[in-house]
Amino acid sequence: MDTREEALALATANGADLTLVPSGGAADDIRTATAGRGADVVLDFVGSESTLALGAAATRMLGDLTIVGIAGGTLPLSFFSVPYEVSIQTTYWGSRPELVEVLDLAARGLLQPKVTTFTLDTAMDAYRAMEAGRLEGRAVIVP
């Protein structure tokens, strides 16, 4: 999900089965696309109030909600606020074995990251592009 058409097109070009613009009915759209089940895995790369609520609503029973983004949102949690037996976790760093797995995926050509590079002199342009929503993929600053 993204509010930008370019981001949705990029996701589709990289194998996304479904892309949506966030809306009040997005969780219902996800459940419809999954024959009522909901998503097996939800990765929230934003972590705001609205994305956390959507992630909780869109995850299936026994599914997984991983919060990656650090936008400062909260997810009110009670017995009835998420589907039964959903696993919820946060992550900030990966383990060495996970790094090896990611590097192996990249070596086999199964990952094709979108990277925009900036020089040290233009590092502030990276922040401006992120703020304006114009950055595709990850910003990498190189000396």
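Look up: the structure comes first, before these words.
For the structure given in this document, a descriptive report is provided here. (Residues numbered from 1 in each chain as written. Predicted model: local features only at pLDDT ≥ 70, side-chain atom pairs only at ≥ 80, totals over all residues. Heavy atoms only, no water.)

1. Things to note about the pairing of strand β2 (residues 59–67)
Part 1 of the reasoning: Of all the 9 residues making up β2, 7 are buried; the element is thus mostly covered by neighbouring parts of the structure.
Part 2 of the reasoning: With 5 bridges joining them, strand β1 (residues 39–44) and β2 adopt parallel strand pairing. When the sheet's bridge partners are listed, Asp-44 is paired in β2 with Ile-67.
Part 3 of the reasoning: Handedness of the crossover is the feature at issue here: the chain leaves β1, passes through helix α3 (residues 49–58), returns alongside β2, and the resulting connection is right-handed.
Part 4 of the reasoning: In the sheet, β2 pairs with strand β3 (residues 87–90) via 4 bridges, with the strands oriented parallel. When the bridges of β3 are listed, Asp-64 appears paired with Ser-87. (Buried < 20%, exposed > 50% of the residue type's maximum accessible area, 1.4 Å probe, protein only. Helix = DSSP H or I, 4+ residues; strand = E, 2+ residues; numbered from the N terminus. Pairing = 2+ DSSP bridges. Right-handed = clockwise from strand over helix to strand, strands pointing away.)

2. Re the packing of helix α2 (residues 26–33) against α3
Part 1 of the reasoning: Where α2 contacts α3, the axes come no closer than 9 Å and their chain directions differ by 30 degrees. As the angle between them shows, α2 and α3 are arranged roughly parallel. Considering the relative orientation of α2 and α3, their crossing is right-handed. Residues Ala-26, Ala-27, Ile-30 and Arg-31 of α2 form the contact with α3, whose own contacting residues are Leu-54, Ala-57 and Ala-58.
Part 2 of the reasoning: Across the contact of α2 with α3, the residue classes break down as 6 nonpolar, no polar and 1 charged. (Axes fitted to C-alpha atoms, helices over the stretch in contact; angles between N-to-C directions. Parallel < 35°, antiparallel > 145°, perpendicular 65-115°, else oblique. Left-handed = near helix turned anticlockwise from the far one by under 90°. Contact = heavy atoms within 4.5 Å. Nonpolar A, V, L, I, M, F, W, Y, C, P; charged D, E, K, R; others polar.)

Shape descriptors only; they carry no functional weight alone.
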